[in-house]
Amino acid sequence: LGRAQVQVNMDEIYSSIQGKTLLVTGGGGSIGSELSRQIAASHPKKLIIFDMYENNAYEIQQELRRKYGDSLDLEVLIGSVRNTNRVRSIMQKYKPDVVFHAAAHKHVPLMEDSPNEAIKNNVMGTYKTAVAASRAGVKKFVLISTDKAVNPTNIMGASKRLCEMVAQMMNRQCKDTDFVAVRFGNVLGSNGSVIPLFKKQIAEGGPVTVTDKNIIRYFMTIPEACRLVLEAGTMGKGGEIFIFDMGEPVKIADLAKRMIELSGLQVDKDIEIKYTGLRPGEKLYEELLSNKENTKETPHEKIRVAAVREYAYKDVVEHIDLLAELSLHVHILPMVREMKSFVPEFKSQNSQFTRLDGVN
């Protein structure tokens, strides 16, 4: 990435976690599993990993058991955040002190083709988990969000902006639970990121595919991102949307060239770089995360708080109830129209959605 790793005070984070019960939804995924590793190292009272995909959950379960044995009180549970009763029963049984909500559909092109699933899993999953957490007396709820929620151009980003609204709405409604959200950009090496794709393409002799020669992204390593999530979760008082200063954006084409060269090969001679065009809903660049005009400082120089509009509890609940009904019956166009009405900054780049009632 051409920069030093972001550092945080892990001793302070560990002391805030030690002796507590923590639940990580989506705990088998790229971010969720690394969060689980870092939490396990802090000697919690109990760590609960909740994931829909059993293979990922099994992998992190075996890894943590090998490393910590009986010294870590670990519970690995299979289920979906869409399932109201399943989520409620887990919250009531284990009474976690802190919930890290990482469960979500995150692949932009896939959600363009299945937008109802983004609503069901991301928005409704967040709402159901947040309600269950508040009723179980959870002290802190940390939502993992994304820079794609800033002026979204795709269904996934718009759904995550709705998740942030849910978190802020719940924070105002529930006095005993602090709800915060954490936004960051692309994570190196995560499932679906360019690094594993480029490695595979290089190993197969190319070509390495890049959507556009000018496309740029902000990047972090998975451990960096998770350390900052834990730091933001520790400092959060409720209602904040934390954003990270991820340094200068990186050109994907430059990243591809660097990886080819680090593999001991030459660009265009040994491995071709092929430009394939932007995918549905994909931006050429993401919004700047450290815009000081729209953010406030925190004690950590790499973490700021976004200044965003908040919505009334009644309005948000009515909106997500309608979205839930439309997504359940796969009424795609009315559902996307409703998303645009509530997230007016959502400007879809998908041709099938740009014509809805004249709303771009």
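## Some words on the overall build of the chain
Piece 1. The secondary structure content of the chain amounts to 12 helices and 15 strands.
Piece 2. The C-alpha atoms of the chain give a radius of gyration of 20 Å, which matches the 21 Å a tight globule of 360 residues would have.
Piece 3. In terms of principal-axis extent, the alpha carbons of the chain reach across some 60 × 55 × 40 Å.
Piece 4. Residue burial in the chain is summarised as follows: out of 360 residues, 55% are buried.
Piece 5. Expressed as a percentage of contacts within the chain between residues at least 6 apart in sequence, the contacts between residues at least 24 apart total 77%.
Piece 6. In the form shown here, the chain has an accessible surface area of approximately 16100 Å², with 48% of it arising from carbon and sulfur atoms.

## Focus: the packing of helix α6 (residues 115-135) against helix α7 (residues 155-173)
Piece 1. Following both chains from N to C, one finds α6 and α7 inclined at 15°, their axes separated by 9 Å at the closest point. The angle between α6 and α7 places the two elements in the roughly parallel class. The interaxial crossing formed by α6 with α7 has right-handed handedness. The residues of α7 that touch α6, namely those facing P115, A118, I119, N122, V123, T126, Y127, A130, V131 and S134, are I155, M156, S159, K160, L162, C163, V166, M169 and M170.

## Quick look at helix α11 (residues 313-328)
Piece 1. When the terminal C-alpha atoms of α11 are compared, their 22 Å separation across 16 residues agrees well with the 22 Å that a helix rising 1.5 Å per residue should span.
Piece 2. Of all the residues in α11, the buried ones are V316, V317, H319, I320, L323, L326 and S327.
Piece 3. Considering only its buried residues, α11 is in contact with α6, α7 and α12 (332-342).
Piece 4. Immediately downstream of α11, the backbone of V330 shows phi near 55°, a positive value.

## Observations concerning the pairing of strand β1 (residues 21-25)
Piece 1. Where burial is concerned, most of β1 is hidden: 5 out of the 5 residues are buried.
Piece 2. Burial along β1 is two-sided: T21, L23 and T25 facing one way and L22 and V24 facing the other are all buried.
Piece 3. Sheet topology note: the β1/strand β2 (residues 46-51) ladder contains 5 bridges and is parallel. Looking across to β2, one finds that L23 is bridged to I48.
Piece 4. In this fold, β1 hands off to helix α2 (residues 30-40), which returns the chain to β2; that crossover is right-handed.
Piece 5. Examined bridge by bridge, β1 and strand β4 (residues 98-101) share 4 bridges and lie parallel to one another.

## Points about a nonpolar patch on the surface
Piece 1. A surface patch of nonpolar side chains, amounting to about 270 Å² of accessible area, comprises L278, L284 and Y285.
Piece 2. Counting through the fold element by element, L284 comes out in the loop between β13 (273-275) and β14 (295-297).
Piece 3. By relative accessible area, L284 is classed as partly exposed at 33%.

## Details of the nonpolar core
Side chains of a nonpolar character, in soluble globular proteins, are inclined to be buried together.
Piece 1. Ranked by size, the top nonpolar core spans 55 residues in total, and within it M91, Y127, I155, L162, M170 and M339 carry the most contacts.
Piece 2. Of all the elements, α7 adds the most residues to this core, at 10 residues.
Piece 3. The contact partners of I155, leaving out residues within four places of it in the chain, are M111, E112, P115, A118, V336, M339, F346 and F353.
Piece 4. Ranked by size, the runner-up nonpolar core spans 44 residues in total, among them I13, I31, A57 and I144.

## Let's talk about helix α9 (residues 222-235)
Piece 1. Taking 1.5 Å of rise per residue, 14 residues should cover 20 Å, and α9 covers 20 Å from first to last C-alpha, within 8% of that figure.
Piece 2. Taken across its 14 residues, α9 has 12 buried, putting it largely inside the fold.
Piece 3. Along α9, the residues that are buried comprise I222, E224, A225, C226, R227, L228, V229, L230, E231, A232, G233 and M235.

## Here we look at the packing of aromatic side chains
Piece 1. Scanning all chains against the criterion turns up 3 aromatic pairs.
Piece 2. Arranged with centres 5.9 Å apart and planes meeting at 5°, the rings of F184 and F244 form a pair that is stacked. Of the two residues, F184 is situated in the loop between β6 (178-183) and β7 (186-188) and F244 in strand β11 (residues 241-244); the sequence distance between them amounts to 60 residues. There is no split in this pair, since F184 and F244 are both buried.
Piece 3. Plain terms: the ring middles of Y311 and F342 are 4.9 Å apart, the flat faces sit at 35° to each other, and that makes the pair tilted. Here Y311, found in the loop between β15 (303-306) and α11, pairs with F342, found in helix α12; they are 31 residues apart in sequence, far enough to count as distant. Comparing Y311 with F342 shows no difference in burial state: the two are buried.
Piece 4. Over the aromatic face of Y275 sits the side chain of K213, whose NZ or CZ is 5.5 Å from the ring centroid.
Piece 5. Over the face of the ring belonging to F346 we find K340, whose NZ or CZ atom lies 5.6 Å from the ring centre.

## Considerations on the side chain of S348
Piece 1. Tracing the backbone shows S348 in the segment after α12.
Piece 2. Its relative accessible area of 4% is what places S348 among the buried residues.

## Brief notes about the sheet that holds β11
Piece 1. Pairing within the open sheet is mixed, and its 9 strands lie in the order β3-β2-β1-β4-β5-β6-β11-β15-β14. The open sheet terminates on both sides in strands that have one partner only, identified here as β3 (74-78) and β14. Direction aside, neighbouring strands of the sheet carry axes that sit 25° apart on average.
Piece 2. Across the sheet, helix α3 (residues 54-68) lies against β2 and β3, angled at about 170° from β3, the strand it touches most.
Piece 3. Strand contacts of α9: β4, β5 (140-144), β6, β11 and β15, with the helix running at about 145° to β11, the strand carrying the most contacts.

Scoring rules and cut-offs
- Residues numbered from 1 in each chain as written.
- Predicted model: local features only at pLDDT ≥ 70, side-chain atom pairs only at ≥ 80, totals over all residues.
- Heavy atoms only, no water.
- Helix = DSSP H or I, 4+ residues; strand = E, 2+ residues; numbered from the N terminus.
- Rg over C-alpha atoms; globule rule 2.2 N^0.38 Å.
- Buried < 20%, exposed > 50% of the residue type's maximum accessible area, 1.4 Å probe, protein only.
- Contact = heavy atoms within 4.5 Å.
- Areas by Shrake-Rupley, 256 points an atom, 1.4 Å probe, with all protein chains shown as cover.
- Axes fitted to C-alpha atoms, helices over the stretch in contact; angles between N-to-C directions.
- Parallel < 35°, antiparallel > 145°, perpendicular 65-115°, else oblique.
- Left-handed = near helix turned anticlockwise from the far one by under 90°.
- Expected span 1.5 Å × (residues − 1).
- Pairing = 2+ DSSP bridges.
- Right-handed = clockwise from strand over helix to strand, strands pointing away.
- Patch = residues over 30% accessible without salt bridge, like charges linked within 9 Å, V, L, I, M, F, W, Y side chains within 5 Å.
- Salt bridge = Lys/Arg side-chain N within 4 Å of Asp/Glu carboxyl O.
- Core = buried A, V, L, I, M, F, W, Y, C linked by side-chain atoms within 4.5 Å.
- Phe/Tyr/Trp six-rings, centres within 6.5 Å; stacked < 30°, edge-to-face > 60°.
- Lys NZ or Arg CZ within 6 Å of the ring centre and 35° of its normal.

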